[in-house]
Amino acid sequence: MSEWRGIPREEVPWFPTIDAKKCIGCRECLTICKNGVLAFDEAGQKSQVLNPYNCVVECRTCARLCSAEAILFPSEMEFTQWLNDYR
């Protein structure tokens, strides 16, 4: 996806971050996300964000299904504020 609502995707601050302290290395997020956003760091035994702009804007499925609650996204309020400021 190169644009979201007419905004270049690389300008949209919507992608996950992973709290490495919480990540238990189960790899469930890799199974859930089919967009290549996440990868597994074999050395650290943790998931990591590899391609942030492959993330579907406003999708939070990986975070909702992460049993360790290690995946975070911007809050709805933060994202709405960014969008209002962008316009």
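Look up a bit, the structure's there.
All values derive from a computational prediction rather than experimental measurement.

Participant: I would appreciate a short explanation of the pairing of strand 5 (residues 46-49) in the present structure.
Facilitator: Regular strands place their side chains on alternate faces of the sheet. Note that strand 4 (residues 38-41) and strand 5 share 4 bridges and pair antiparallel. Residue pairing across strands places Asp 41 opposite Lys 46, the latter belonging to strand 5. As consecutive antiparallel partners, strand 4 and strand 5 are separated by 4 residues, and within that stretch Gln 45 has a phi angle of approximately 55 degrees, a positive value.

Participant: Where do I start with the pattern of salt bridges in this structure?
Facilitator: Close approach of charged atoms lets side chains of opposite charge pair. Counted by the stated rule, this structure contains 2 salt bridges. With a closest N to O distance of 3.6 Å, Glu 58 and Arg 5 form a salt bridge. On the criterion of sequence distance, the pair formed by Glu 58 in the loop between strand 5 and helix 2 (61-65) and Arg 5 in the loop between strand 1 (3-4) and strand 2 (7-8) is long-range, its members being 53 residues apart. The class for Glu 58 is partly exposed, based on a relative accessible area of 46%. Between Arg 27 and Glu 42 there is a salt bridge whose closest N-O contact spans 3.3 Å. With a gap of 15 residues between them, Arg 27 in the loop between strand 3 (17-18) and helix 1 (28-32) and Glu 42 in the loop between strand 4 and strand 5 connect regions that are remote in the sequence. The class for Arg 27 is partly exposed, based on a relative accessible area of 33%.

Thresholds applied
Residues numbered from 1 in each chain as written. Predicted model: local features only at pLDDT ≥ 70, side-chain atom pairs only at ≥ 80, totals over all residues. Heavy atoms only, no water. Pairing = 2+ DSSP bridges. Helix = DSSP H or I, 4+ residues; strand = E, 2+ residues; numbered from the N terminus. Salt bridge = Lys/Arg side-chain N within 4 Å of Asp/Glu carboxyl O. Buried < 20%, exposed > 50% of the residue type's maximum accessible area, 1.4 Å probe, protein only.

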